[in-house]
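# Geometric and topological summary
Single-letter residue listing:
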Amino acid sequence: MIDALPLLSPAWPIILGGLLCGLIPWYGLRKAVSLAMPLIAMAFWFSVDQPGTFGALEVAGFTFETFRYDGLSRVWGLIFIIATFLNSIYGLHDRDRLQDATALIYAGAGLGAVFAGDLLSLFFFWELTAISSVFLIWASRNPAAFRAGLRYLAIHVLSGVLLLAGSIIYATNTGSWAFNDIGLDAPGGVLIFLAFGIKCAFPLLHNWLQDAYPKSTVVGAVVLSAFTTKLAVYALARGFAGTEMLIWIGAIMTAFPVFFAVIENDLRKVLAYSLNNQLGFMVVGIGVGTELALNGAAAHAFVHIIYKALLFMSMGAVLYRVGTVKASALGGLFKSMPYSAFFCIIGAASISAFPLMSGFVAKSLTLAATAQEGHWITWLVLVFASAGVLEHSGIKIPYFAFFSHDSGKRVKEAPWNMLLAMGIAAFLCVFIGVFPGYLYAILPFEMDYQPYTFDHVVGQMQLLIAAMFAFSLLMRFGLYPAERPSVNLDTDWFYRRMGDGLFKWAWAMGGRLSASIQNRFGVAGRALTQRLFNLFSPAGAMSRDVPSGLLAIWTSVLLGLVMVIAYVAG
Amino acid sequence: MEFLASILPAQIVAHAPAIIVVVPLLMAAVSAIMPNGKLSWALVVISAAVSVVLAIVLTVDVQTSGVISYAMGGWAPPAGIEFRIDSLNAVLLLLLTVIGLLSAVYALPSVAMQIDANRQSLFYAAFLVCFAGLLGVAITGDAFNMFVFLEISSISTYVLVGMGAGRDRRALTAAYNYLILGTIGATFFVIGVGFLYMATGTLNMADMAARLPDLSSSRVVQAAFAFIIVGLGLKAAMFPLHLWLPNAYAYSPDFVTVFQATTATKVAFYTLVRFMFDVFWPDAAFVAVSFFWVFAVLGIVAMIVVSIQAVFQTDARRLLAFSSVAQAGYMMLGLGIGSVAGIAAGMLHLVNHAMMKGVLFMALGAFAVRFGIRRISDLNGFGRSMPFTSVAFTIGGLSLIGVPMTVGFWSKWYLGVAAFENGWWWAVAALIVSSLIALVYIGRMLAAIWVAEPQHDRDGDIVTARAPWLMLIPIWILAIANVWYFFQPEFLISLTNAAAEAALAGEAR
Amino acid sequence: MMWSPEIALLAALIIPVIGGVFVGLLGKTPNLREGATLVASVLLALNVAYLVSVTGDRPELIYEIGSTGLAFGLKLEPLGALFAAVASGLWIVNSLYSIGYMRGNNEKNQTRFFVFFTIAIAAAMGVALSSNLLTMFLFYEALTLSTYPLVAHKGDAKSSRGAAIYLSILLGTSIGFLLPAIIATQYIAGSTDFTVGGLLNGEASPMVASVLLVLFIFGIGKAALMPVHPWLPNAMVAPTPVSALLHAVAVVKAGVFAVLKVSTYIFGPELIAAAPASDWLAWIAALSIVAASIIAMSSNNLKRRLAFSTVSQLSYVTIGAMIAAPLALLGAALQIVMHAWAKITLFMCAGAIYTASKKTEISDMRGLGRLMPWTFGAFAVGAFSIIGLPPFGGMWPKLYLMMGAASTGQLALIGALILSSILNVGYLLPIPGRGFFDPAPKEGLKKPGPMLAVLPPVITAAGATILFFLIGPLTDFLAPVFGVEL
Amino acid sequence: MSETKPSRKRKKTEDEIHPVSRLFLWVEKPSVHFIFLIFLGIASFGLGALDFLHHRHEYVDWAEWHGFYAWFGFGGFALAVLAGWPLRKLIGRPEDYYEKAAGDD
C-alpha cells in the first residue's frame, strides 16, 4: 500500500465545513463554506491519480484507512461530491444553520464511508451518516417529523450496531478488519449483510425510507435522497458482489414499490418508493456480480443520484412554494412554475430511461448483464419495473404536480438557487445521456458497451410509448385510481401500529414491573415486618414479659433436653 | 505492665489473688457506713483501681510463670479452697477490673441523679459486694466456692436492680423475676456440683477434672453436667433462658446496667467454658455432643431470634439488652465450635462486647442524665444535642454491627474463620444474618440520633448539652478502645488465644 | 522531588478530607466555603494527575494489622488511577455545578452538603486506590455512609424513605454478601490482595469460585445489577449534583470499578472463564440492561429515567467483567470512564433544567431546548455518547465489549448490546429532540438558568466528545492490565 | 417549513400565470389530450411494427417476439395501475391513521 503520499480523503473538508457551519452565525459565510468545501473536496478527488490507500491512522491498535481510492470508490466519491455541491446550491436560500451544518456533515460522512478501507472506519462514518442525517428530518420541526426521525434514527443505529457486531465477529475470526469482499458465508457476514440491507432499504426493511424522507425539510429530502442508500449500494458492491440472494432481493425491490407508488398521494413519498425501485436495479446488478453488472450498478447509482435529486428538488420547490406535495391538492402548477416543471420533466424522462437521457445509458447496463447471465425471470421483473418507473416517476410526479386538473394554486416560481441547482442537474442528465463515454470511463471496470444500438433504442421506445399509451387510455376511461388523501399501510405498520402497541405494552409493563418490584419488596417487607412485629414487639408473643413461673418451666424443659442429649450420647 | 508488678511489694504480689477479692469486700463494709455517696464512690473507685493493678500483676504473672495456684488461708488444695489463675481467667479478671474501674468512675453523676441521697452509700456497698463476688467467681478454683461467690454477686445484683425502683416501679418486678430465676440457676448449679461431689468426692475443680475421665459413663456425672450447664446457662442468659435479662437491664439504674451488661453474663460464660473444658472432659461423648446440640444451636438461634426481638423494641435499653443476649449467642457459638480458634473467638467477643456494650449503655446513661430518655424516639437529634456522646455511641454501635475499623469486626472475623475451619458455613451465614439484623436495630437508633430533627427550645435553637466529664471520659476511653484495638489487635488476640489454649490445656491434664 | 508517589497516595485521601474540614469551618461565609471546595478539588485533581503519571512505579502503602493476616493498603495501579482520575476530574466540574445548583435552588444546609460531599470523594479515592479487598470494603462502606446524608438532604418524608432504601440495600448487600465473600477469600487464599492474574486463580475450584463470584457481584450493590438496583432510583431524591457526581460517577462507578477489580485481580480472567456462574451472571447483566432500559422508557420523571439508564449502563461493566476476555475487560474499564462523562452530563442537564424551569417531568420539557439550547445540546451529546455513536466516547466500550464477546463466542451478549443501543435511542433522544423540535412553551422561563448550572454540562459534553479521540492513550494506559496486545 | 398560503382569490388567478407558461396553456385543452392519445397509440403500433422490418437481437430469445416490449410495457403499466384499486382497498387508510393514534413517547 502506498502510504507516502499525504493524500486526504475528500470527506474531511466537507465534514470540516459542516462543523464550521455549525459554529458560524453569519448566513453568507456559511453559504460560502458550503459551496467552497465540495469544490475543495473535488480537488482532493482529482489530486489522486492512481488507486491506493491513503490517510491511515493508527489509533488504539486499530488502523483506520480513511482514504481508499480505487475503481469502485472513486465513482461514488465523485458523485457524492457533485451531489454535495448541488445540494449546497439548492439550499442557498435556507437560513437554518442546523441544516447547513448537518447536511454537510452527512455528505462528508457518506464520502468518508465510501473511502473507508476498513470495517471500523466504515462503521464510524456509517453511524455518522445516521446521526447527522436525522437532523434533516427533525428540522421540519413538527411532531410527526420528530417521531419519524426517531424511528429513522433507531433503525439506522440498529444498522450501525449490526455492522459493528458483524465486523467484530468477522475480524475476530479472520483477523482482518479490511473491508473487501465479505460474502454471506464469512463469520459475521450475515450481520453485515443485514446492516447494509437496512440502509439499502431491502424489502421489509425498507419502510424507514418512505416514512422519514417525505417528512424531512425541503432541502433535507434532496440531501437525504443522495447519500444513505447509495452508500449502502456501494457497501454491498464492495462486500457482497455476486451474492445470488441479492438478485432476488433486488428484483422484489424493483417491483413492489411500483404498486405502492400508484396509490400514494404524497408525491415525495412516491419518490421515496421510486427510490426503492431504483435501488432494486442496482442491487440486482450487484447480485449478478459480473463486471458489466457491477458497472451497471455503479453507473446507475451515479445517474440516479442526479435525477432523483432533481426530482426531489422539483418537489421541494413545490413544497416550498405551495406548502404541500399531496397530489390531491396539486395540479396545474406549470402555470406558476414553468421552469420547475421543465426540469422535473427532464428528471422524469431521465429516470424513465428515455434514450438520450442518463437513465437510459445506465439502466441498460444492468438489464444487459442480467439477461446475459440468464436470469430471465429477474430480467422480466426489471422490464416490468421499468414500465413501473415510468408510471410513478415518469408520469405521475410531473403530471399530478404540474398538469392534471388545475388546482387553482398560483404561486411564485422557485427561487433562483433552486432553479440553478435543478438546471445543473438537468444538464447533467442530458449530458450523460448524450455522452455516456465520460461516465463509462470512470466506472470500476473497463468495458466495451454501446448503449445506442438500434435494437435497444427501439425496444426501449416501444416499452415507454406503449406504457404512455396505456396511461392515456386509462385516464381517458377513468380507470386510473384518483388521487385522494390517504395513508397507505406498509411495513411501517408493524412498528408504528403494532410496535406502538408493543411499545405501549412495554411501557405499561415497565411501569408495572418497576412499581411491582418496589411494591413487591415493599409489600413483602411490610408483611414480614408486621408479622415479626406481632411476634417480637414488646407486646408480641415472643417478647412479652413472662411470669417467672413459666421461665422456671422453660428452665426445666431445657434441663430435660440437655439430660436427654447427655443420656443419648453418653 | 511488668513495671507495675516490679514496684509492688513482693508480699502483696504473692497474695494478690486473695487481696483482689478481699479488698472490695472490706471496702463494701466501710462504704456502707459512709455518711454520703461521694465518699462511698471514692472508696469504690479506689478499690476498683487497686483491683485493676492487682489484675495486671496477676496477668503478668500468669504470662511469665504459668498457672498460679493460691491456697486460701494456707490450706492446700484439694482440701482447702484454691484460687487458681490461668490465662483463661486472667483475661476475665483484667476485663472485670478495668470495666469495673471505668464504670465506677462513670457512676457518680448517674447514681447522684437516680438513687436517693441517703441510700447511695448502701448502693455503692452493694456494688462492691457484687464486684467482689464476680471477681471471686472468676478466680476461684473450687466448685462450691464458685457457687458461693456466684450467689454473693447475684444477691447483691438483685438489690442493685431493685434500687431502680426509685425511678421506675417495674424495677421491683424485674428484680423479683431475676431473683427467682437467678436462684433457680444457682440451685441447679449447686445440685450439679453436689452430684459431682458425689461422683468424685472432691470439690476442687482441677481435682474433679483429673477424676472425671474415668467416670464419663456415669449417669450421675451426666446429670451433673446437665444441671451445671443449664444453671450456668441461665446465669449467662443463654437462649431461651434469657427472659429475665431485658427487664433487669432496662429498669435498673443506668450504672447498674452498664456494669451488668459488661460483666455479669461474661463471668457466667467464663464459668461455662471452665466447666466444659477444665472440669468435664471434652472428649466425653455427652460433652462433645452438647457443643453442637446445645451451644452452637442455641447460640445461633439466639443470634437471630433475639436480634429480631431487639429490632422491635421501643425502649432503648431493652433494645440493647436483647442485643446483649444475641451477642451472648456469638460467644455460645464460639464455645460450640469447640476448637482453640472457636474459644478464642468467643473470648475475644466477650472482651469486645464488653467494650462496645459499655460504650452504648454508658452513652445511654449520659443521655439519660441530661435528657431523661428512655425510648428510642427520645434519641431524636441527639447528634446535634450531645455530639460528643453521640459520636461515641455511634462508634459503639458500629462496633456492635462489626464494621471494620472497630473492634467488633475482629469478633466476627475470627468467629467466621473459626466456623469456616470447622466447615460450618451455615454458622457464617447466621453470623451475617445476625449482623444484618444488628445493622437494623443499631441503625434505628443511629437514624434517630443523626437524622431526625433535634429538640428545639422556645427560641427555636437546638437544645444542646454535654455529658459530665466523669461520664464522658470513660465513655471515650471505651470508644477509643473500640477503634484502637482494631488497629492494634495484637494484645487482645494474644490474650484470648492464650485463654483459649489454657482452656483446652485442661484437656491434656 | 518532594512529592513522592507514596505521599500522593495518602494525599488523595487526605486532601478532600482537609477540604471538608475547611468547608465546615467556613460554613458561615458561603463564598469562602465554595472556594475551599474548589481549591480542594483542583488540588486533588493535580495530585491524581501526578499519580497517573507515576502509575508505572506501582507505589504502595501497607499497614499490617498485627498478626491477624489482614492489612490495610493503598496501591496504585492503572485501573484505580483511571477511576481516581475520572472521579477527581469530574469533581471539579461538579463542584462548580453544585454551587450553581444549590444556590439557584436556595437549598438549605449547604455546608453539611459540601462537607459530606468531600468525604464521599475521599471515600471514592480510597476505593480507587485500595490494594486489597478489606481496604476497599472499608472505603466502600464509608462511601455509602457519607452519601447517606446527601441523599436524605431534603429532609422530607420522601427523601427519608428513599435514603432509607438506599442505605439498607447498600449496607445490606455489602454486609450480607460482600463481606462473607471477602472473609471466604481471605480464608481460601490467605490474603485479600489484588493480585495480577487473580488471587484465587489456582486456589479455588470453579464451583467455589462460582459461589464467591455470585456473592461478590451481588454483594457489590453499588454496581446495581438487578435485582439489587432499587437503591439507585430511590437515591434520586437527592439534589441533582449528588445524583450527577455520586450516582453517575463516584458511587456507581465505585461499584462497577469494584466488580472489575475483583474480577481482574481476585478471580482473574481464567478463573472467571472456568466458573460456570460467570455465564449466568453475564445473562443476568444482559437482562438487567434490557429490563432497566424498558423501565427507563416508561419513566416520565427525568431523573428516574436517567437512573434506570444508569442501571442499564452499569451492567455493561458487569457483562465485560463476566466475559472476562481481555478485550471485554478493557471495554468494561473504558465504560467506566465514558459512561461517567456522558451520564454526568445528562444529570447535570437535568438539574440545569430543573434550576431554570422547576420541571422534572419529561413531558413538560417540550420545546425547552429552544430556550436552553446549550443545556439541551449538551444533553444530546451525552445521549449520543451513551447510545455509543461515533464520534463520542461511548462508542469504544461497546466496541471492545463486543470484541470481547466475539472472542469468547458469546454472540448472544452482542445481541443484548445491540438491543440496548436501540432502546437507548428510544428513551434518551426524545428528550433533547422534543426539546429542540417541538414548539417552545408559551409561558415560562426567560433565562436559561444560572451560568454555573449550564456551563458544567457543556464542559463534560465536550469531554465526552474529546474522549473519543483520546482512546489511544487510554488504551495504552489500560491494555497492560488486561494483557491486551494492541 | 414555511406554510405559504396559496392565494384563494379566483379572479386574479389568470393574471398570476407565469409569462413563460402562457405559451404552453394549450396543453390543458381536452382536444390536445385526445390528439396526444391518438398519437401515442399510433406511435406504439408504429414502434411495434418496426420489429417486422428489423429483427431485434436480444439475450432472451422470446424478447425477440414482434412488439414484445410494446405489449409488455402496455400490459405491465396497466397491471400496475389497475392493481391500485384493490390495493388501495386493502391498505388505504384515512390520513390521520397514525397521527391520531400516536401517543407520546
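For the structure itself, look to the data block above.
Read on for an overview of the structure. Note that the structure is predicted; figures quoted are calculated from it, not measured.

### Here we look at the overall build of chain B
- A tally of helices and strands in chain B yields 21 helices and two strands.
- Taking 2.2 N^0.38 as the reference for a compact globule, 509 residues should give roughly 23 Å; the C-alpha atoms of chain B span a radius of gyration of 22 Å, in line with that estimate.
- Overall, chain B is about 75 × 55 × 45 Å in size when its C-alpha atoms are taken along their principal axes.
- Considering chain B as a whole, with its 509 residues, one finds that 66% of them fall into the buried category.
- Considering only residue pairs separated by 6 or more positions, chain B has 79% of its internal contacts joining residues 24 or more positions apart.
- As displayed, chain B has an accessible area near 15,600 Å², and 68% of this comes from carbon and sulfur atoms.

### Topic: the pattern of salt bridges
- Counted under the stated rule, the structure contains 20 salt bridges over all chains.
- The partner of Arg-30 of chain A in a salt bridge is Asp-100 of chain A, with the nearest N and O atoms 2.8 Å apart. One end of the pair, Arg-30 of chain A, is in helix 2 (residues 27-47); the other, Asp-100 of chain A, is in helix 4 (residues 97-115), with 70 residues separating them in the sequence. When sorted by exposure, Arg-30 of chain A lands in the same class as Asp-100 of chain A, which is buried.
- Of the charged contacts in the structure, one is a salt bridge between Asp-207 of chain B and Arg-211 of chain B, with a shortest N-O distance of 2.9 Å. Taken together, the residues Asp-207 of chain B and Arg-211 of chain B, both in helix 9 (residues 205-211) and four residues apart, mark about one turn of the helix.
- Taking the relative accessible area as the measure of exposure, Arg-211 of chain B reaches 34% and is therefore partly exposed.
- Within the structure, one salt-bridge network assembled from shared partners comprises Lys-335, Asp-406 and Arg-410 of chain A together with Glu-28 of chain D.

### Some points on the arrangement of the chains
- The protein chains that touch form five pairs of chains, and the pair with the most contacts between them is chains A and D.
- At no point do chain B and chain D touch; the closest pair of C-alpha atoms across them sits 39 Å apart.

### Quick look at the environment of Ala-120 of chain C
Residues and elements named next belong to chain C.
- As for its placement among the helices and strands, Ala-120 is situated in helix 4 (residues 110-129).
- Sequence separation of Ala-120 and Val-17 is 103 residues, and the distance between their C-alpha atoms is 9.1 Å.
- In this structure, Ala-120 is in contact with Leu-143, Ser-146, Thr-147 and Leu-246, ignoring residues within four places of it in sequence.

### Observations concerning the interface of chain A and chain C
- Across the boundary between the two partners, chain A contributes 43 residues, which contact 44 residues of chain C.
- Buried area between chain A and chain C, summed over both chains or domains, comes out near 3,600 Å², and the portion from carbon and sulfur atoms is 83%.
- Along the contact surface separating chain A from chain C lie zero salt bridges.
- Taken together, chain A and chain C are joined by zero residue pairs in polar contact (both at pLDDT 80 or more).
- Elements with a minimum of two residues in the side of chain A that touches chain C: strand 2 (62-69), helix 5 (119-138), helix 6 (143-174) and helix 19 (492-536) of chain A.

### Some thoughts on the environment of Ala-482 of chain A
- Mapped onto the elements of the fold, Ala-482 of chain A is located in the loop between helix 18 (454-476) and strand 3 (487-488).
- Taking C-alpha positions, Ala-482 of chain A is 37 Å from Phe-454 of chain A, a pair spaced 28 residues apart along the chain.
- Leaving out residues up to four positions away in the same chain, Ala-482 of chain A has contacts with Trp-85 and Arg-88 of chain D.

### Notes on the nonpolar core
- Core analysis: the biggest nonpolar cluster contains 632 residues, and Phe-302 of chain A together with Phe-267 and Trp-396 of chain C have the highest contact counts within it.
- With 22 residues, helix 12 (residues 291-322) of chain A is the largest single contributor of residues to this core.
- Viewed by domain, this core spans two of them, domain 1 (241-486) and domain 2 (496-569) of chain A, each represented by three or more residues.
- If sequence neighbours within four positions are ignored, Phe-267 of chain C has contacts with Gly-197, Gly-198, Leu-200, Asn-201, Ala-209, Leu-212, Leu-213, Phe-216, Val-262 and Ile-272 of chain C.
- Ala-296, Leu-333, Trp-424 and Ala-430 of chain B belong to the second largest nonpolar core, which has 16 residues in total.

### Details of helix 6 (residues 157-189) of chain C
All names here are of chain C.
- Over its 33 residues, helix 6 runs 46 Å from end to end, which matches the ideal 48 Å to within 8%, given 1.5 Å per residue.
- Of all the bends in helix 6, the greatest, near 35°, is centred on Ile-175.
- Within two residues after helix 6, Gly-190 carries a phi angle of roughly 80°, on the positive side.

### Details of the interface of chain A and chain D
- With 81 residues of chain A at the interface, the matching set in chain D holds 71 residues.
- With both chains or domains summed, chain A and chain D bury close to 6,800 Å², and 67% of this area falls on carbon and sulfur atoms.
- Taken together, the links from chain A to chain D amount to one salt bridge.
- The element that contributes the greatest number of residues to the side of chain A that touches chain D is helix 18 of chain A, accounting for 18 residues.
- In terms of residue class, the side of chain A that touches chain D is made up of 48 nonpolar, 14 polar and 19 charged.
- Sheet topology note: the strand 3 of chain A/strand 1 (residues 92-93) of chain D ladder contains two bridges and is antiparallel. Within strand 1 of chain D, the residue paired with Val-487 of chain A across the bridge is Arg-93 of chain D.

### Observations regarding unusual backbone geometry
- Going from Phe-239 of chain B to Pro-240 of chain B, the amide bond is cis rather than trans, its omega being 0°.
- Along the chain, Pro-240 of chain B turns up in the loop between helix 10 (219-235) and helix 11 (244-251).
- Of note in the backbone geometry, Leu-356 of chain A takes a positive phi value of approximately 75° without being a glycine.
- Secondary-structure assignment places Leu-356 of chain A in the loop between helix 13 (338-351) and helix 14 (358-372).
- For Ala-237 of chain B, which is not glycine, the phi torsion reads 55° and is therefore positive.
- A relative accessible area of 2% places Ala-237 of chain B in the buried class.

### Looking at a nonpolar patch on the surface
- A grouping of Leu-10, Ile-14, Val-17, Ile-18, Val-21, Phe-22 and Leu-25 of chain C is seen on the molecular surface, where their side chains present a nonpolar patch of about 630 Å² in accessible area.
- With respect to the secondary-structure elements, Leu-10 of chain C resides in helix 1 (residues 5-25).

### A few points about the packing of aromatic side chains
- Taken as a whole and assessed by the stated rule, the structure comprises 100 aromatic pairs over all chains.
- Ring pairing ties together the aromatic residues Trp-12, Phe-62, Phe-64, Phe-124, Phe-125 and Trp-177 of chain A together with Trp-396, Tyr-400, Phe-468 and Phe-469 of chain C, which thus form one cluster.
- Directly above the ring of Tyr-140 of chain C sits Lys-222 of chain C, whose terminal nitrogen or CZ lies 3.4 Å from the centroid.
- Over the ring of Tyr-354 of chain C we find Lys-358 of chain C, and its NZ or CZ is 4.9 Å from the ring centre.

### Observations concerning the side chain of Ser-210 of chain C
All names here are of chain C.
- Here Ser-210 shows up in helix 7 (residues 206-219).
- Here Ala-277 takes part through its backbone nitrogen, which lies 3.2 Å from a polar atom of the side chain of Ser-210.
- Setting aside anything within four residues of it in sequence, one finds Ser-210 in contact with Ala-275, Pro-276 and Ala-277.

### Thoughts on the packing of helix 16 (residues 411-428) of chain C against helix 17 (residues 430-437) of chain C
Residue and element names in this part refer to chain C.
- Interhelical geometry of helix 16 versus helix 17 gives an angle of 35° and a closest axis separation of 5 Å. Seen from helix 16, the contacting residues are Val-425, Gly-426, Tyr-427 and Leu-428; seen from helix 17, they are Pro-430, Ile-431 and Pro-432.
- Its residues assigned to classes, the contact of helix 16 with helix 17 shows six nonpolar, one polar and no charged.

### Concerning the pairing of strand 2 of chain A
All names here are of chain A.
- Most of strand 2 sits inside the fold, with six of its eight residues counted as buried.
- Here strand 1 (residues 52-59) runs beside strand 2; their pairing, made up of seven bridges, is antiparallel. Note that in strand 2 the partner of Phe-54 across the bridge is Phe-67.
- Hairpin connection of strand 1 to strand 2: two residues between the antiparallel strands, including Ala-60 at a positive phi of 50°.

### Considerations on the packing of helix 12 of chain A against helix 14 of chain A
Residue and element names in this part refer to chain A.
- Packing of helix 12 against helix 14 brings their axes to within 8 Å, and their N-to-C directions diverge by 155°. Overall, the two elements helix 12 and helix 14 adopt an arrangement that is roughly antiparallel. Read as a crossing pair, helix 12 and helix 14 show a hand that is left-handed. Of helix 14, the residues touching helix 12 (which contributes Leu-292, Ala-293, Asn-295, Gly-296, Ala-297, Ala-299, His-300, Val-303 and Tyr-307) are Ser-358, Gly-359, Ala-362, Lys-363, Leu-365, Thr-366, Ala-368, Ala-369 and Gln-372.

### Re helix 19 (residues 425-450) of chain B
- Compared with the 38 Å implied by 1.5 Å per residue over 26 residues, the 35 Å span of helix 19 of chain B between its first and last C-alpha is a close match.
- The largest bend along helix 19 of chain B reaches roughly 30° and is located at Gly-443 of chain B.

### Quick word on the environment of Phe-322 of chain B
- Of note, Phe-322 of chain B is situated in helix 14 (residues 316-337).
- Sequence separation between Phe-322 of chain B and Gly-194 of chain B is 128 residues; the distance between their C-alpha atoms is 33 Å.

### So, a negative patch on the surface
Residue and element names in this part refer to chain C.
- A contiguous patch of negative charge on the surface is contributed by Glu-6, Asp-57, Glu-60, Glu-64 and Asp-193.
- Tracing the backbone through its elements, the reader meets Asp-193 in the loop between helix 6 and helix 7.
- Residue Asp-193 is classed as partly exposed on the basis of its relative accessible area, which comes to 35%.

The rules behind the values
Residues numbered from 1 in each chain as written. Chains lettered and ligands numbered in written order. Predicted model: local features only at pLDDT ≥ 70, side-chain atom pairs only at ≥ 80, totals over all residues. Heavy atoms only, no water. Helix = DSSP H or I, 4+ residues; strand = E, 2+ residues; numbered from the N terminus. Rg over C-alpha atoms; globule rule 2.2 N^0.38 Å. Buried < 20%, exposed > 50% of the residue type's maximum accessible area, 1.4 Å probe, protein only. Contact = heavy atoms within 4.5 Å. Areas by Shrake-Rupley, 256 points an atom, 1.4 Å probe, with all protein chains shown as cover. Salt bridge = Lys/Arg side-chain N within 4 Å of Asp/Glu carboxyl O. Buried area = accessible area lost by both parts, 1.4 Å probe. Polar contact = N/O pair within 3.5 Å; in protein donor to acceptor, adjacent residues only side chain to side chain. Core = buried A, V, L, I, M, F, W, Y, C linked by side-chain atoms within 4.5 Å. Domains from an automatic or database assignment. Expected span 1.5 Å × (residues − 1). Bend = angle between axes of the 7 residues up to and from the residue. Nonpolar A, V, L, I, M, F, W, Y, C, P; charged D, E, K, R; others polar. Pairing = 2+ DSSP bridges. Patch = residues over 30% accessible without salt bridge, like charges linked within 9 Å, V, L, I, M, F, W, Y side chains within 5 Å. Phe/Tyr/Trp six-rings, centres within 6.5 Å; stacked < 30°, edge-to-face > 60°. Lys NZ or Arg CZ within 6 Å of the ring centre and 35° of its normal. Axes fitted to C-alpha atoms, helices over the stretch in contact; angles between N-to-C directions. Parallel < 35°, antiparallel > 145°, perpendicular 65-115°, else oblique. Left-handed = near helix turned anticlockwise from the far one by under 90°. Lys, Arg positive; Asp, Glu negative; His and termini not counted. Charge placed at Lys NZ, Arg CZ, Asp CG, Glu CD.

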